[in-house]
Structures are given as C-alpha cells and as structure tokens.
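What follows is each chain in one-letter form.
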Amino acid sequence: MHRIKKSELPRLYEAIAKTQTLYLPVKSAGKTNFAVWTETAQPDIDTLKTVKSPKDAFFPQCENLYTVKREEGKLKLTAEELESESFVVFGIRACDVRALSVLDKVFLSNPVDTYYAARREHGILVSLACSRPETSCFCGTFGIDCAQPEGDVATWLCGEYLYWQPQTEKGESLTNALSDLLEEAEEAPVEKAKEEIRAICERLPLKDLSLEKWGAHAAHDNFDSPLWEELYKGCLACGTCTFVCPTCQCYDIKDYDTGNGIQRYRCWDSCMYSDFTMMAHGNNRTSQMQRFRQRFMHKLAYFPANNDGMFSCVGCGRCVDKCPSHLNIVKVIKTFGKEEA
C-alpha cells in the first residue's frame, strides 16, 4: 500500500503525463467529464459521477476507420493506425471499470474489434473508490463493490491522502515509475474507509433492488408483457440514456466525401432513435414502444442470455439522474417486480 498527499496530486498527474497520455475527470463549464490532462486543466476527482462515462477512451464517440483515395486510376485504402502507446485513465469508478468488462464481451468476441482491442491492451486503469455513493447508485445490485474497485491500481481518498494499491502487472509497472512520489503506507485508514463506504451503501434507497424477474429467462417471460405499453408512453426518444450509459455500444458507420476520396468513420448511435438500423425496406422496430422495450430487454435479458448471466447494466445511476421523463432502468426493474415505481 502507498499514499500521496492530495496537495501533491498535480505533481503525480504531471509525472504520469510526461510519459503517456493521462485521462482524468476535468471540470469545464460547470460539468465534470473525462478529458486529457493539461497544465491548464481543472482536475476534479471529488465529483462522484462524470456526466458521461470514460468509455470514450476505449470506444470513442466518433472515430475514423479508414480512408479510400483514387491514385493513378486505382483505389488506395489506408486504415487508421491502431493505438500503440500506453495511456492512463485515472479516477475511474468501480461501476465504470465493470462497464469495460461488458464492452469486452462485445468488442473482444470474434470477430475482434481491433481498434477497441488495441486501446484495451495499452490502457491502464487507476480506479477510485466511491467515498460517498449517491441515492441514484445501485451498483451493488450487480455485485459491484464500490469500496474495493477493480482496475490495475485501486485508490482511496482518506483525509489529506490518496491511498494507492497496485492490483495487476500494469499497476505494478506504473507504481514503480512513480515511486519517487509515493510513500509506503499502512492499510488501516483504507480498511476504515471501506467500512464507511459499505455502511453508506447499506442505507441507499435502491439497496434492495431485485433482479428476480430478470436474466436469461426474461427473454421469453417479459417480451409480450402489457407493462411495456404503459412504461414507454413518456419516452421522448431523446437518446440521453444511451449517451450517458457506460455500457451502451451501438454505433453507426458512415462515409464522408472529402473531395478527393472517402473517409469512413463510426459514431455512437442509439436504439431509441426511429432511424436506428434503418434499411432500404424500413425499420424492423416501427414504434417507440418497440424501441423502448429493446433497450431494456437487451440490458436485462438478451445480454445475460448470451454472456453467462452478465447484465449489461452496472448500476451507475446516470440514466436515473439524466432521463427527463424518469423512464430509467430502475423504474423498469421495479415495475416488473411489482414494486412501487
């Protein structure tokens, strides 16, 4: 176990950024999101949840795939270079670390997404325990311990110190590189912090959220339920829930005419949009109810049915906080569990 004073964190950020790109929560225009560290950035690791998750570092909201140009009467295809240098994502919470395991199931299964795989290979996760979980949090429902986050390095904020514990070979390597800034520390303050965090989790209003009605069996049990007709009615199809979600992985691929060639790129898309997966003959989901049902059936039934029971939700609570109509996944789970929504 190691530690560093919170007042010395700017030196830590600078030391990491000297050798590799550093992503961390940064406050800008009153909002906190993950961004590349610079000397003028305003780091904010005290805010519990960034507006968007840090999945951008591994699955960018928009990225080029390849370009095609005509040269001497022939077409020349040039693929974008894969990530080849290490980078650090600092301050990632336990729910967002687990979300990457969900994305791994999608992008690292055959056929492997080489762009995502290269970033996962070179990315180093420095996770941060949640000192004060919020009322919209329910990560414990999915077996996540926010007091003991996964990651290459786990950290805890205790008093005037940030405590630091490497958990993988990547984490050990980063720790050794920062040895001049980190000092040896006792584990007692961290153990006390874990107890306090878990005590808060026991008092959260969503602590007892039950998944009894969900899982692989729900793919058949819940699909034709009349509850969907009532649940979806307030949905604005804004897509906010999908863009703040750390596990959503839908994207669209488009071609852009540069004037002397074609640039193919992909960008995040949303299953809540009426033109999502639109084909020449139309769309296979023709109503907002069907699109609403698809989103939650995928997360709570189809995904676990195809991934050894793993749910495609990590209980981060971002959709609970951001949905303008309060039609979040918690309401869906409760409604099917015959609880008060």
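Quick caveat, the model's predicted, so the values are computed rather than measured.

### Notes on the pattern of salt bridges
Two side chains carrying opposite charge are able to pair once their charged atoms lie near each other. Taken as a whole, this structure holds 20 salt bridges when the rule is applied. With a shortest N-O distance of 2.7 Å, Glu-8 and Arg-11 are connected by a salt bridge. The exposure class assigned to Glu-8 is partly exposed, which follows from its relative accessible area of 27%. Between Asp-56 and Lys-52 there is a salt bridge, with the nearest N and O atoms lying 3.7 Å from each other.

### A short note on the pairing of strand E4 (residues 62–71)
As paired elements, E4 and strand E12 (residues 261–268) share seven bridges and run antiparallel to each other. Bridge pairing in E12 places Lys-69 opposite Gly-261. Pairing of E4 with strand E5 (residues 74–79), which is carried by six bridges, proceeds in the antiparallel orientation. Looking at E5, one finds that Tyr-66 is bridged to Ala-79. In this antiparallel pair of consecutive strands, E4 and E5, the connection spans two residues, and Glu-72 shows a positive phi of 55 degrees.

### A word on the pairing of strand E2 (residues 21–28)
Relative to strand E6 (residues 87–92), E2 runs parallel, the two sharing three bridges. Note on E6: the bridge partner recorded for Tyr-23 is Val-89. Where E2 and strand E3 (residues 31–36) come together, six bridges link them in antiparallel fashion. Paired with Pro-25 across the bridge in E3 is Phe-34. Here E2 folds back onto E3, and the loop between the two strands holds two residues, one of which, Ala-29, carries a positive phi near 55 degrees.

### Examining the sheet that holds strand E7 (residues 123–128)
Spatially, the eight strands line up as an open sheet ordered E3-E2-E6-E7-E8-E9-E1-E10, and their pairing is mixed. Taken across any chain shown, the strands that pair with only one partner, and hence form the sheet edges, are E3 and strand E10 (183–184). Across the sheet, helix H1 (residues 9–17) is in contact with strand E1 (2–5), E2, E6 and strand E9 (161–166); its angle to E2 comes to roughly 140 degrees.

### Focus on helix H4 (residues 169–177)
Every buried residue of H4 is listed here: Gly-171, Leu-174 and Thr-175. In a view along the axis of H4, the buried residues occupy a sector of 100 degrees, so they form one face of it. Opposite the packed face of H4, turned more than 90 degrees from it, sit the exposed residues Glu-169, Asn-176 and Ala-177. Buried residues along H4 sit against E1, E6, E7, strand E8 (153–158) and E9. The N-cap residue of H4 is Thr-168: its side-chain oxygen and the backbone nitrogen of Lys-170 are 3.4 Å apart.

### Examining the environment of Asp-257
Summarising the element assignment, Asp-257 is placed in strand E11 (residues 251–257). Owing to a relative accessible area of 53%, Asp-257 belongs among the exposed residues under this scheme. Each C-alpha atom, one on Asp-257 and one on Thr-67, is 9.9 Å from the other, the two residues being 190 residues apart in sequence. A polar atom in the side chain of Asp-257 sits 2.9 Å from the backbone nitrogen of Gly-259.

Reading guide: rules and limits
- Residues numbered from 1 in each chain as written.
- Predicted model: local features only at pLDDT ≥ 70, side-chain atom pairs only at ≥ 80, totals over all residues.
- Heavy atoms only, no water.
- Salt bridge = Lys/Arg side-chain N within 4 Å of Asp/Glu carboxyl O.
- Buried < 20%, exposed > 50% of the residue type's maximum accessible area, 1.4 Å probe, protein only.
- Pairing = 2+ DSSP bridges.
- Helix = DSSP H or I, 4+ residues; strand = E, 2+ residues; numbered from the N terminus.
- Contact = heavy atoms within 4.5 Å.
- Axes fitted to C-alpha atoms, helices over the stretch in contact; angles between N-to-C directions.
- Arc of directions from axis to C-beta.
- Polar contact = N/O pair within 3.5 Å; in protein donor to acceptor, adjacent residues only side chain to side chain.

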